[in-house]
Amino acid sequence: MENSAILSIDNVGVMFGGLKALDGVTIDIKKGEVLCIIGPNGAGKTTLFNCITGFLKPSSGSILYDGSVELTGRRPYEIASQGIYRSFQNLALFANISAVENVLIGGSKRAEFSYGITDAIFRTKKFLTMESALRQEAIGMLEFVGIAGKKDNKAGELSYGERKLLELARGLITKPKLLLLDEPAAGLNPTEKTELVLAIKKIREQKINVVLIEHDMRFVSDIANWIVVLDYGKKLAEGLPDDIKKNKAVIEAYLGTR
Amino acid sequence: MNLPSSIRSILKAYILPLVWIFAVSLPIMGMVRSIFAAVFVLAGLLVFNLFIRKKPRVNKPGFSWAHTRLSSAGRSAWIFALAAAIILPLFLNGYSLDVFTSVLFYSMLALGLNLLVGDLGLLNLGYIAFYGIGAYTYAILSTKFGIGFWSSMMLGGIVASAFSLIIAIPTLRLKGDYLAITTLGFGEIIRIVLNNWDSLTNGPNGIMNIPRPSLPWIQLSTGIRFFYLVLCFVIIQIYILSRIKRSMFGRYAVAIRENERASEMVAINTYKVKTLYFMLSAFFGGVAGVLFASKQMFVSPDSFTFIESVYVLAMVILGGMGNIAGVLLGAFTLVVLPELLREFVIYRMLIFALLLITMMLFKPNGLLGKKA
Ligand SMILES: Nc1ncnc2c1ncn2[C@@H]1O[C@H](COP(=O)(O)OP(=O)(O)O)[C@@H](O)[C@H]1O
Ligand SMILES: [Mg+2]
């Protein structure tokens, strides 16, 4: 495992009116590790993802990507072009088009698939080869997450679990270096959960850094190397899965006074 | 399917709008005409539902935009339409030919506006301004500077594109009502400027003696030759638009219409795509304007009023947004129908307003473009 950080979140704060959704959160995400963020509902986990991906501008702090790129203040598409993909807790698919088209759109921005508008108008050879290569790869991604059989179904018609997997496939085709998954296992049945764990392990082998938000501790200890606990917008604890399970403060936050 | 729910959906889709339009138009139009209006709208709804709105699509294996081939039924429909457009004018009198030339002009406009409304789901209520800018560009360039038709053609499109940036850049973050109001204001401002900048536009009197286009070997002066000239432009436009639609540029638009957050997350610069679509849409409007000015040989601000924008928008919506064949059908219907039912012409505006309101009430997803 390398020691340099893929993402350095430094003292990030977010205010919603009077509410401190994030309060001086500092997290270093090391290259090659699968980091998991846990915490009760409303702890600020999704808000942190929104800051990393440019959907929110933190009121303080900085987020440094790959040691040199400052992410705060950039637009989401710029951050995505840096090789960061994020899934949404409540899903963000192109619901009225087919599954494979969803994945195709994901890959459209990759340099090896890009052609000019005149290539499109005159259907040049370049256009045709790139389009079929892209389509091939899109189907490959659907096979990887195990829903290739549904490639021609509209995204909106898929089951909840399949839609989550589709969102993952659409991200993988962008060739991300950092993958942020917001509660990927929520709403999945046990079989789908097992498949997701396998998929994430395979993703990790491809040297893609994974950060995920999750509640299910069994799921978490299965894949995470490092756990960060958020509570009321603050970092409550961080450590190895086994240590976190025994941590008093964490147990209290989850089972205690609320 | 149980019966009550299907009855309820028919009631909601057809009977309610019918009764509603009838009730609204009764005090203004009287009994007979209100029935007429209601039936007209019902027919529109039926056409829309049966032929234009896409049924839940079962994709054939191997489907992708880039490789889609038309079904044989679809292809023969296109060939038939093209053959009719080429042969029919030979048998038409001057008046009918004018009507059909008008269909072509409105087709160019509706196809251009469809890029925004249908493909991206952005409402533009001032689209006619680009038509006006194109027309005046040619009028001014040809009468004041002696620049020819074919060079003005490109310039008209480019000037309209440039003007579209004025509206695109500040409104990129706006949606729905706000965008509608801003574009409406833009259209009005352009018309008012044309009306008042006497030294350049000759104000309300307009510009006369605009030359007709010519090719080295043919004079394009007769009605039928002009019809074929515009037809060529429409065909080129359809060709370009359908190719763009079935490429990744078309996919970007679908993505943005479907889910803007997700589009940004797969690295699509949504502002840039919207700006390009605004420019392309304006370009086609501008080119149509140049053609229009050269046909009329005269332009005045009266041709570019707000109601014209609404007219074009109604064609896009009636025809089925985002669907090239549907938009052409919409343009055809809304130009030819009033000519067939001449007594309706007075109520044109009212009917369009009703149509738009009905669509928004009963097909709200249609207007925001929730279709593939
Ligand atoms: N856009 C917003 N405006 C106002 N408050 C928000 C917004 N987004 C999140 N919040 C609030 O911030 C807190 C953290 O939310 P969130 O990050 O979604 O929590 P988590 O994902 O950990 O469940 C919650 O109290 C939530 O109500
Ligand atoms: Mg959340």
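A. Structural view of the site of ligand 1. Residues and elements named next belong to chain A. In the vicinity of ligand 1, the residues found are Phe16, Leu19, Ala21, Asn41, Gly42, Ala43, Gly44, Lys45, Thr46 and Thr47. A distance of 2.8 Å separates an oxygen atom of ligand 1 from a polar atom in the backbone of glycine 42. Note that an oxygen atom of ligand 1 is positioned 3.0 Å from one of the backbone N or O atoms of glycine 44. Secondary-structure elements contributing two or more residues to the shell around ligand 1 are β2 (19–30) and α1 (45–52). If you tally residues by element for the shell around ligand 1, the top one is α1, at three residues. Per-class residue counts for the shell around ligand 1 are four nonpolar, five polar and one charged.

B. Expanded view of unusual backbone geometry. All names here are of chain A. At lysine 175, a residue that is not glycine, the phi angle is positive and equals roughly 55°. Mapping lysine 175 onto the fold places it in the loop between α6 (160–172) and β7 (178–182). Residue lysine 175 is classed as exposed on the basis of its relative accessible area of 53%.

C. Fine view of the sheet that holds strand β5 (residues 69–70) of chain A. All names here are of chain A. Sheet architecture is open: four strands sit in the order β2-β1-β4-β5, paired in antiparallel fashion. Taken across any chain shown, the strands that pair with only one partner, and hence form the sheet edges, are β2 and β5. One ladder, built from five bridges, connects strand β1 (residues 5–16) with strand β4 (residues 60–65); its direction is antiparallel. Looking at the pairing, leucine 7 lines up with tyrosine 65 of β4. Against the sheet, α1 touches β1, β2 and β4, its axis set at about 115° to β1.

D. Structural context of the pattern of salt bridges. As enumerated under the stated definition, the model contains 16 salt bridges over all chains in all. A salt bridge links Lys126(A) to Asp119(A); its shortest N-O distance comes to 4.0 Å. Here Arg251(B) makes a salt bridge to Glu131(A), at a shortest N to O gap of 2.7 Å. Here Arg251(B) is found in helix α9 (residues 248–258), whereas its partner Glu131(A) is found in helix α5 (residues 125–145) on a different chain. In this structure Arg251(B) comes out as buried when scored by relative accessible area, which is 0%. Relative accessible area serves as the criterion here: at 1%, Glu131(A) is assigned to the buried category.

E. How the structure looks around the coordination of the magnesium ion (ligand 2). Every protein donor of the magnesium ion (ligand 2) is accounted for by Thr46(A) (OG1) and Gln89(A) (OE1), and the metal-donor separations fall at 2.0 to 2.1 Å. Of this pair, Thr46(A) sits in helix α1 while Gln89(A) sits in the loop between β6 (84–86) and α3 (99–107), and the two are 43 residues apart along the sequence.

F. Representation of the pairing of β4(A). Residues and elements named next belong to chain A. Where β4 meets β5, two bridges bridge the pair, whose relative direction is antiparallel. Within β5, the residue paired with leucine 64 across the bridge is glutamate 70. Between the end of β4 and the start of β5, which pair antiparallel, lie three residues, with aspartate 66 showing a positive phi angle near 55°.

G. Representation of the domain arrangement of chain A within the structure. Residues and elements named next belong to chain A. The domain architecture assigned to chain A consists of domain 1 (1–83 + 176–258) and domain 2 (96–175). The C-alpha-based centres of domain 1 and domain 2 are spaced at 27 Å. Counting from both sides, the interface comprises 18 residues of domain 1 and, opposite them, 13 residues of domain 2. In total, about 1000 Å² of surface goes out of reach between domain 1 and domain 2, with carbon and sulfur atoms giving 69% of it. Remark: the boundary between domain 1 and domain 2 carries zero salt bridges. Elements with a contribution of two residues or more to the side of domain 1 that touches domain 2: β7 and α7 (190–205). Per element, the largest residue contribution to the side of domain 1 that touches domain 2 is six residues, and it comes from α7. A class-by-class count of the residues in the side of domain 1 that touches domain 2 yields ten nonpolar, two polar and six charged.

H. Examining the environment of Ile238(B) more closely. Summarising the element assignment, Ile238(B) is placed in helix α8 (residues 223–245). A residue is classified by how much of its surface remains accessible, and Ile238(B), at 16% relative accessible area, is buried.

I. Main features of the packing of helix α3 (residues 94–120) of chain B against α9(B). All names here are of chain B. Packing of α3 against α9 brings their axes to within 8 Å, and their N-to-C directions diverge by 50°. Taken together, the axes of α3 and α9 lie oblique to each other. On the side of α3, the interface is formed by Gly118, Asp119 and Leu120, while α9 contributes Ala253, Val254, Ile256 and Arg257. The residue makeup of the contact of α3 with α9, split by class, is four nonpolar, one polar and two charged.

Rules used in this analysis
- Residues numbered from 1 in each chain as written.
- Chains lettered and ligands numbered in written order.
- Predicted model: local features only at pLDDT ≥ 70, side-chain atom pairs only at ≥ 80, totals over all residues.
- Heavy atoms only, no water.
- Near = heavy atom within 4 Å.
- Polar contact = N/O pair within 3.5 Å; in protein donor to acceptor, adjacent residues only side chain to side chain.
- Helix = DSSP H or I, 4+ residues; strand = E, 2+ residues; numbered from the N terminus.
- Nonpolar A, V, L, I, M, F, W, Y, C, P; charged D, E, K, R; others polar.
- Buried < 20%, exposed > 50% of the residue type's maximum accessible area, 1.4 Å probe, protein only.
- Pairing = 2+ DSSP bridges.
- Contact = heavy atoms within 4.5 Å.
- Axes fitted to C-alpha atoms, helices over the stretch in contact; angles between N-to-C directions.
- Salt bridge = Lys/Arg side-chain N within 4 Å of Asp/Glu carboxyl O.
- Donors = N, O, S within 2.8 Å, 3.2 Å for Na, K, Ca; no water.
- Domains from an automatic or database assignment.
- Buried area = accessible area lost by both parts, 1.4 Å probe.
- Parallel < 35°, antiparallel > 145°, perpendicular 65-115°, else oblique.

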